Structures are given as C-alpha cells and as structure tokens.
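# Understanding the architecture of this molecule
Chain by chain, the residues run as shown.
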Amino acid sequence: SRDIGTSGLGNAAVIENLELIATIIIAGISEAVMPLAASYHGERNEHGLRLVKRFALTIGVILLFPLVLSLLIYPEWLMIFFSVDDPIMREVLPGSIRIMSFAQLFVLVNTIFVNYLSSVDEEKKANISFVIQGLIQIFFTLLLARVLPHDAPWYATLAANIAVILYFAFYCNMFSDLKPDTKTDLMYITGGYASSSVIKGWSDAAKKYLSQAFGLNQRIESKLKQIDEL
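Residues numbered from 1 in each chain as written. Predicted model: local features only at pLDDT ≥ 70, side-chain atom pairs only at ≥ 80, totals over all residues. Heavy atoms only, no water.

### Some remarks on a nonpolar patch on the surface
A cluster of nonpolar residues, Val61, Phe65, Leu69, Leu72, Ile73, Tyr74, Ile80 and Phe102, forms a patch on the protein surface that exposes about 700 Å² of accessible area. At five residues, the largest contribution of residues to the nonpolar patch is made by helix 3 (residues 46-73). Valine 61 sits in the partly exposed class, given a relative accessible area of 33%. (Patch = residues over 30% accessible without salt bridge, like charges linked within 9 Å, V, L, I, M, F, W, Y side chains within 5 Å. Areas by Shrake-Rupley, 256 points an atom, 1.4 Å probe, with all protein chains shown as cover. Salt bridge = Lys/Arg side-chain N within 4 Å of Asp/Glu carboxyl O. Helix = DSSP H or I, 4+ residues; strand = E, 2+ residues; numbered from the N terminus. Buried < 20%, exposed > 50% of the residue type's maximum accessible area, 1.4 Å probe, protein only.)

Shown next as structure tokens:
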C-alpha cells in the first residue's frame, strides 16, 4: 500500500545512515585484526591470537555500546539529526531504529570474526557465514512481510545476524578460545610438554649434538697438534 511504501523508503534512508555510522566504527576496529592475527598465526602464537580476538571484541563493544544504548533509549535523536518530519515515518521509525541499533552489536561481532577467519586461512568458514546470513534474511523477510510489513526487513536482519553468531559459536568454536593460553605457546617454544617421552627426546637430541660437537673439537685439536709438530 502507499503508506507502507512511504515508510519503507523512510526506513531504508535513515537506517542506512545508522548502519553507516556503526560500520565506520566497526571497520576501524576489526580491520586491525587482520595483520595482527595473520602475524600471530604465522608464528603459531596461540596466546597472541586469543589476545587479538579478545581485544577486538572488548574494545569494539565498548565503543559501539554507547551509540546503541542511546538509540535504544531515545531513537528520536537520529530522526531529528536527519530532519525526518513525515508523520508516517515518525511513527514507524523508532521501532526500526531500536531493532537495527541492537542488531549492530551482532554485526560488530560477526564482522570481527569474519576478518579473523580470513586472517588465519579460514576463508571458507567466513564465506559460509555470508551464505547463512543471506538465506535467513531473505526467508524471514518474506515470512514476516505479511505480519510486520513495516519492520520485516529489520527483524530479518536481526535474526540472520543471530544465526551467524550461533554458527560461529557452535561450528567454528570462536567463543571457546578467548581465554589466555600460555601453555600452548610454551609447548611450541620448547618442542613439547615436559613429559617423560619428550624429556627423553630432548636428552637424545642434546646427546647427539654434544657428541658431534665433541667429535669436531677432537678433530680440530688433532689438526692443531699436527701443525704444532710441523
């Protein structure tokens, strides 16, 4: 109908600007994950990878949360900022803005995880998340269009991003390795945990090295002795 079409245009215009603001913040945070994560991944530094992911999530939420909270409490400030004065849009937009501002928290986490996976040679998992998001968003938009014609796209966006987070959490285990793990790094540095078999391996390797070094020293001393005799 004409009213739905008008409010739909208003939703698209204002929400697009809202997403742009949040996306600028997200891009500034999550893009820094890529070189750091790639570097730590190349060094097999598990502790560093966890640190980068933890830092990106924590700082991202801290920076984005005030914007989200302000829009949840008083979405009208965004309408005032963009000079929205159409009665239909002023009636419909507050709910849409609340939905989309809350969804931005999920968008933030998903974006950081996508960049992280791309940095550690897991592009296939990152690409699957886009497929999941697209399919679910289209499905829910069509499903809710008859019931919530004004807000169907925004609820669908929220549902799609929640589904992607569940995919990252349960299939990719992205939330299971956020705690520090210095033991793994110690294992990489030393060549293994201090078990009896590993200690024996170290001992054998050291014995072989020392034997070679001692044999070399003996040959050098023999040569020096021959030179002295000459």
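### Focus: the packing of helix 5 (residues 87-119) against helix 6 (residues 123-144)
Running from N to C, helix 5 and helix 6 cross one another at 150 degrees; their axes reach a closest spacing of 7 Å. Classed by the angle they form, the pair helix 5 and helix 6 counts as roughly antiparallel. Contacts between helix 5 and helix 6 involve Val114, Leu117 and Ser118 on the former and, on the latter, Glu123, Lys125, Ala126, Ser129 and Phe130. A per-class count over the contact of helix 5 with helix 6 returns four nonpolar, two polar and two charged. (Axes fitted to C-alpha atoms, helices over the stretch in contact; angles between N-to-C directions. Parallel < 35°, antiparallel > 145°, perpendicular 65-115°, else oblique. Contact = heavy atoms within 4.5 Å. Nonpolar A, V, L, I, M, F, W, Y, C, P; charged D, E, K, R; others polar.)

### Regarding the nonpolar core
Within the largest apolar cluster, 46 residues are counted, with the highest numbers of intra-cluster contacts made by Ile97 and Phe168. Broken down by secondary-structure element, the contributors of at least two residues to this core are helix 1 (2-30), helix 2 (33-42), helix 3, helix 4 (76-81), helix 5 and helix 7 (152-170). At 16 residues, the largest contribution of residues to this core is made by helix 5. Leaving out residues up to four positions away in the same chain, isoleucine 97 has contacts with Val14, Ile15, Leu18, Leu71, Pro75, Leu78 and Met79. (Core = buried A, V, L, I, M, F, W, Y, C linked by side-chain atoms within 4.5 Å.)

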